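If you want the building blocks of each chain, they are given just below.
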Amino acid sequence: RAGREGAGRPRPPPPPAALLSSPADSARSVEDILTEDDEQDRVPLQKLKLLGESEELRGLLLNPHLRQLLLTIDQAEDKSSLMKKYMQEPLFVEFADCCLRIVEPPEKENILPE
């Protein structure tokens, strides 16, 4: 390591896109998770891919605190109650709002002209 450029600096965290992807060999499929009632809340794959292309979202995912919150939710047994708790956390709300703006952009007629 000695003599290399950047030696002594902390290493950057792994790429944020890794948090957005799921393993291809996942034991559960979307169909296993969603019931018919949940179908209306399903986000098309094309829109999900937009999350990985968002610079704003990538910027948020550089925050180690947010990354820890997401990992904790991912590993939790009771994800629903933990999500309710985290929706009181401004950083998590900023992340959730960013995701929603990407997959459900506001309709133009609701935007006031400047």
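Residues numbered from 1 in each chain as written. Predicted model: local features only at pLDDT ≥ 70, side-chain atom pairs only at ≥ 80, totals over all residues. Heavy atoms only, no water.

This brings us to helix α5 (residues 64–75). With twelve residues, α5 ought to run about 16 Å at 1.5 Å a step, and its terminal C-alpha atoms sit 16 Å apart, in line with that. What α5 keeps buried is the set L66, R67, L69, L70 and I73. Along the long axis of α5, the arc covered by the buried residues comes to 160°, so they all point the same way. Opposite the packed face of α5, turned more than 90 degrees from it, sit the exposed residues P64 and Q75. N-capping of α5 is provided by N63, with a side-chain oxygen placed 2.7 Å from the backbone N of H65. (Helix = DSSP H or I, 4+ residues; strand = E, 2+ residues; numbered from the N terminus. Expected span 1.5 Å × (residues − 1). Buried < 20%, exposed > 50% of the residue type's maximum accessible area, 1.4 Å probe, protein only. Arc of directions from axis to C-beta. Polar contact = N/O pair within 3.5 Å; in protein donor to acceptor, adjacent residues only side chain to side chain.)

With that settled, consider the confidence of the model for the protein. Note that predicted coordinates carrying low pLDDT should not be read in detail. When pLDDT is averaged along the protein, the result is 77, and 60% of the positions lie at 70 or above. For residues 1–7, every residue scores under 50 in pLDDT, and the model assigns this stretch two contacts once sequence neighbours within four places are set aside. Taken as a whole, residues 17–26 scores under 50 in pLDDT and shows eight contacts with residues more than four places along the chain or in a different chain. (pLDDT = per-residue confidence, 0-100. Contact = heavy atoms within 4.5 Å.)

Glancing now at the nonpolar core. Core analysis: the largest hydrophobic core is formed by 18 residues, its most contacted members being L57, L66, F92 and F95. Every element with two or more residues in this core is listed here: α4 (55–60), α5, α6 (79–86) and α7 (90–103). With seven residues, α7 is the largest single contributor of residues to this core. Setting aside residues up to four positions removed in sequence, F95 forms contacts with L57, L60, L61, L66 and L70. (Core = buried A, V, L, I, M, F, W, Y, C linked by side-chain atoms within 4.5 Å.)

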